[in-house]
Amino acid sequence: MVLPFSVEAMPKLEGFEFWSRTLGGARHVVAPMVDQSELAWRLLSRRHGAQLCYTPMLHAQVFVRDANYRKENLYCDVCPEDRPLIVQFCANDPEVFVQAALLAQDYCDAIDLNLGCPQMIAKRGHYGAFLQEEWDLLQRMILLAHEKLSVPVTCKIRVFPEIDKTVRYAQMLEKAGCQLLTVHGRTKEQKGPLSGTASWEHIKAVRKAVAIPVFANGNIQCLRDVERCIQDTGVQGVMSAEGNLHNPALFEGRSPAVWELAEEYLDIVRQHPCPLSYVRAHLFKLWHHTLQVHQQLREELAKVKTLEGIAAVSQELKLRCQEDISRQKEGEKPSGGLPFFHWICQPYFRPGPKEGSKENGGARSKRALEEEEGTTDVLSKNKQKKQLRNPHKTFDPSLKPKYAKCDQCGNPKGNRCVFNLCRGCCKKRAFKETADCPGHGLLFKTKLERSLAWKGAQPRLQEPQQAGPGEPGGFPEVVGGALA
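Residues numbered from 1 in each chain as written. Predicted model: local features only at pLDDT ≥ 70, side-chain atom pairs only at ≥ 80, totals over all residues. Heavy atoms only, no water.

A. Local environment of the overall build of the protein chain. The helix and strand inventory of the protein chain stands at 20 helices and 13 strands. For the protein chain, the residues scored as buried account for 46% of the 484 residues in total. In the protein chain, the share of contacts with a sequence separation of at least 24, taken over all contacts with a separation of at least 6, comes to 63%. Approximately 26,200 Å² of the protein chain is accessible, and the part contributed by carbon and sulfur atoms is 51%. (Helix = DSSP H or I, 4+ residues; strand = E, 2+ residues; numbered from the N terminus. Buried < 20%, exposed > 50% of the residue type's maximum accessible area, 1.4 Å probe, protein only. Contact = heavy atoms within 4.5 Å. Areas by Shrake-Rupley, 256 points an atom, 1.4 Å probe, with all protein chains shown as cover.)

B. Local environment of the environment of M172. Assignment of secondary structure puts M172 in helix 8 (residues 163-176). Distance in space between the C-alpha atoms of M172 and D136 is 9.5 Å, their sequence separation being 36 residues. If we ignore the near neighbours within four places in the chain, the residues touching M172 are W135, L138 and Q139.

C. The arrangement of helix 20 (residues 444-457) in detail. The end-to-end C-alpha distance of helix 20 is 20 Å, a good match for the 20 Å that 14 residues give at a rise of 1.5 Å each. Among the 14 residues that make up helix 20, one are buried, leaving the element largely open to the surroundings. (Expected span 1.5 Å × (residues − 1).)

D. Region of the structure containing the pairing of strand 8 (residues 214-217). Here strand 8 shows no split at all, with V214 and A216 on one side and F215 and N217 on the other all buried. Regarding topology, helix 9 (residues 200-209) serves as the crossover connection from strand 7 (residues 181-184) to the parallel strand 8, and that connection is right-handed. In this structure, strand 8 lies alongside strand 9 (residues 237-240), joined through three bridges in parallel fashion. The residue of strand 9 that forms the bridge with F215 is G237. (Right-handed = clockwise from strand over helix to strand, strands pointing away. Pairing = 2+ DSSP bridges.)

E. Representation of the side chain of H289. Structurally, the position occupied by H289 is in helix 14 (residues 288-293). A relative accessible area of 11% means that H289 is categorised as buried. With residues near it in sequence (within four places) discarded, H289 still touches L338, H342, Q346, P347 and Y348.

F. Broad picture of the pattern of salt bridges. One pass over the structure, following the stated rule, counts 17 salt bridges. A salt bridge links R46 to D82; the shortest N-O distance between them is 2.9 Å. Pair noted here: R46 is in helix 2 (residues 39-47) and D82 is in the loop between helix 4 (67-73) and strand 4 (85-90), with a separation of 36 residues, a long-range link. Across the pair, D82 and R46 agree in class, each one buried. Linking D225 and R228 is a salt bridge whose minimum nitrogen-to-oxygen distance equals 3.7 Å. With D225 and R228 both in helix 10 (residues 223-233), this residue pair falls three residues apart, about one helical turn. Given a relative accessible area of 12%, D225 falls into the buried group. (Salt bridge = Lys/Arg side-chain N within 4 Å of Asp/Glu carboxyl O.)

G. Quick peek at the pairing of strand 6 (residues 153-158). Strand 6 sits mainly inside the fold: six of its six residues count as buried. What you see with strand 6 is no split at all: V153, C155 and I157 on one side and T154, K156 and R158 on the other are buried throughout. Pairing of strand 5 (residues 110-115) with strand 6, which is carried by five bridges, proceeds in the parallel orientation. Of the residues in strand 6, the one forming a bridge with D112 is T154. By the bridge criterion, four bridges tie strand 6 to strand 7 in an arrangement that is parallel. Paired with R158 across the bridge in strand 7 is H184. Note that the unit made of strand 6, helix 8 and strand 7 has a crossover that is right-handed.

H. Here's a closer look at the environment of P152. Tracing the sequence through the fold places P152 in the loop between helix 7 (135-148) and strand 6. Taking C-alpha positions, P152 is 8.4 Å from L180, a pair spaced 28 residues apart along the chain. For P152, the residues in contact, after removing those within four places along its chain, are K12, L13, F18, D109, A110, I111 and Q179.

I. Broad picture of helix 8. Taking 1.5 Å of rise per residue, 14 residues should cover 20 Å, and helix 8 covers 20 Å from first to last C-alpha, within 8% of that figure. Along helix 8, the residues that are buried comprise T166, V167, Y169, A170, M172, L173 and A176. Of the surrounding secondary structure, the elements contacted by the buried residues of helix 8 are strand 5, helix 7, strand 6, strand 7 and helix 9. Two residues or fewer after helix 8 comes G177, characterised by a positive phi angle close to 130 degrees.

Such coordinate-based values are descriptive only and should not be taken to indicate function.
Have a look at this one:
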């Protein structure tokens, strides 16, 4: 087993000294991406211009309690080539965050607190961007980590709609002990089809207002964007997520053939294995534009169950592309509005909401947009996949079953729940009140009563009476100072 890299010999560096010495003045940064910034992908990105990488977001509470989770997500991924490295955690409790960070600090160069995840799972788990209004809690988390850890603590945030509030937020984190700040120039509402454009104005204002290094995140699709962002905002570095997934050579300023990077990535995976789902997701991103042309291979890529099976589909895609190149006419231009032909690594621009949504009341929720799509003849790719698996599936909102909602969380409630709650909320309440809910099979009250009844039915053990002197079992009788 490779031992962790010790950081105890060096004093803990802060701010710009940490960025310039420990991180080597990194300007090209690969973002933390759930199930996507694993070791194999980080090594590929580093070979092609990335100077700093983050691990995928790890759950602090799970990291503390589960040794296998620590092993699978960090301890077994130690690699001398994978430095500098920042480990990112999501957390909402100062003690848990610091406990997790202490277990990870010998394997990285800094610990990052995720304050930018906008997804529904972060809302339910109460972490990420959904902590951005809880400044007292965040101050305690950063302050405790800054005091206890041997490596610096950093943060990745999203902006508020107001620039001045975003600046005050950043200054609060800096004052608490944050040594490097990554600012994603979108609000937590800007996600999915509502992503829109990241605000570099917010990032520029934060950079001017703090005395620690700042990384920018958002609107990065090519090296030219990186250079323009640094020039326009004055940040120390630029982080890429989506752009890096579609072209890992982005920071080199190259757009190579897709198969070149796909084959290189698969070779690295053979040396540093990772879950097959990660590999499949990366190949879908890399081959995204080609899979729009050769759609039958999309299903093949989705179905294969082995690494070599994925490699075979990738090889077939390469052959199809080479056939397309051989049939290419002189002067022919890329189709579909792409800047390059589909076999070249290039950005993917997420389609925005349908035209006219502003006229109908401004921004629309993701759910509303999905329901609107369900009424059209064209289904999204995800829904087409579901329909292939189940031809009888319908996406007509009018035919969806209507569920009564849980009184507390809004999830579907149990039809026979005595509290009108979903199972999760019912279990918490029944436990707290020592009550039963036959509808959910929860019998806290009944089990307690049975336990008490069982204890009451047990015969009580009588204390043995002490025998007198001279009696059987008693003390021997003393006669004249001597034993009789």
